[in-house]
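Results of the structural survey
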Amino acid sequence: MSLPKILKKILDDGYITGSKIPKSTKSSVDQLVAINALELNILKRGSRYSIGNEEIFQAEISARYPEGLESVINFNSHSSRHLGVKSLKDAKLSRKKYATVQMFVNSPSEVFLNGKSIPDGIESFSLSVLVDSLCKWEINGDIILIENQEPYLRSQSLFSGASAIICYNGRVNEKISEWINESNMNVTICPDYDPVGLDEYCKLKSKIGERLTLFLPETITEDFKYSTSQLLDKKKNREVLVRIANDKNLDMDAIKVLKLIQKWNAGLMQELYFE
């Protein structure tokens, strides 16, 4: 039985017997007992766990599971990464797969989208583009850079006015960075709000300046309740965070994200904004 199911049973029934606590969650239950969120009662035959301090108990549930116990209990490996962040503050718990296809268009006049044909002048193009090939493209208008796959797959309605949307997977390829630098494109970058994501924004900002905008939802301050401390666990991520914190040239958007990371000692996964 998982910890959320244990807590739900205690809420519903008033207690749970110690015999129903598996070894895998025993340490988590013991931690809740130690802070008086739960109370352990030793009986003649076995033991019982019940709510200790009601205020501490509810605070722990809110901190661990922002959307409540039901959301966590109903989450499974086939749920979306968006729900992974909202329910368990971790997009990586989702194992949902997305079917994709690669398509080359060689006869644009015969291809239609929503009743409209491909504009004249385009001889051929690929929906899956090698980095070396992308750097030969000339795009007028705005482009969007998105760090992860699920947000990329769900991004068209949010950025319907963009000329192109590119998924860069973790770090922006240096060739793509140079391609953007040599162009006149306006760029919006959508990273995870963690040291690596913030670092990518700062690096690109130093190259192209005001042509770069950070995707910064109005609700991000409140949304950091869904942030994940594990994003700061790696030594390299901590080192990146220290380096950024010592950078005297950060703009206001970077400073805002930096302060949120420092306040919560955690990072926020971008999947939250792409439902």
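Everything that follows concerns the structure shown earlier in this document.
A brief report on the enclosed structure follows. Because the structure is predicted, anything quoted here is derived from the model rather than measured. (Residues numbered from 1 in each chain as written. Predicted model: local features only at pLDDT ≥ 70, side-chain atom pairs only at ≥ 80, totals over all residues. Heavy atoms only, no water.)

The buried fraction of strand E10 (residues 186-190) is high, at four of five residues. Relative to E10, strand E8 (residues 142-146) runs parallel, the two sharing five bridges. Looking across to E10, one finds that Ile144 is bridged to Thr188. Both E10 and strand E11 (residues 212-214) contribute to a ladder of three bridges, which runs parallel. Bridging from a neighbouring strand, Val187 pairs with Leu212 of E11. Viewed along the sheet, the connection from E10 through helix H9 (residues 195-208) into E11 turns out right-handed. (Buried < 20%, exposed > 50% of the residue type's maximum accessible area, 1.4 Å probe, protein only. Helix = DSSP H or I, 4+ residues; strand = E, 2+ residues; numbered from the N terminus. Pairing = 2+ DSSP bridges. Right-handed = clockwise from strand over helix to strand, strands pointing away.)

Packing of helix H11 (residues 235-245) against helix H12 (residues 252-264) brings their axes to within 11 Å, and their N-to-C directions diverge by 130 degrees. Regarding the angle of H11 to H12, the classification is oblique. Judged by the sense of rotation from one axis to the other, the crossing of H11 with H12 is left-handed. Contacts between H11 and H12 pair Leu241, Ile244 and Ala245 from the former with Leu258, Ile261 and Gln262 from the latter. Classifying every residue of the contact of H11 with H12 gives five nonpolar, one polar and no charged. (Axes fitted to C-alpha atoms, helices over the stretch in contact; angles between N-to-C directions. Parallel < 35°, antiparallel > 145°, perpendicular 65-115°, else oblique. Left-handed = near helix turned anticlockwise from the far one by under 90°. Contact = heavy atoms within 4.5 Å. Nonpolar A, V, L, I, M, F, W, Y, C, P; charged D, E, K, R; others polar.)

None of this, on its own, says anything about what the molecule does.
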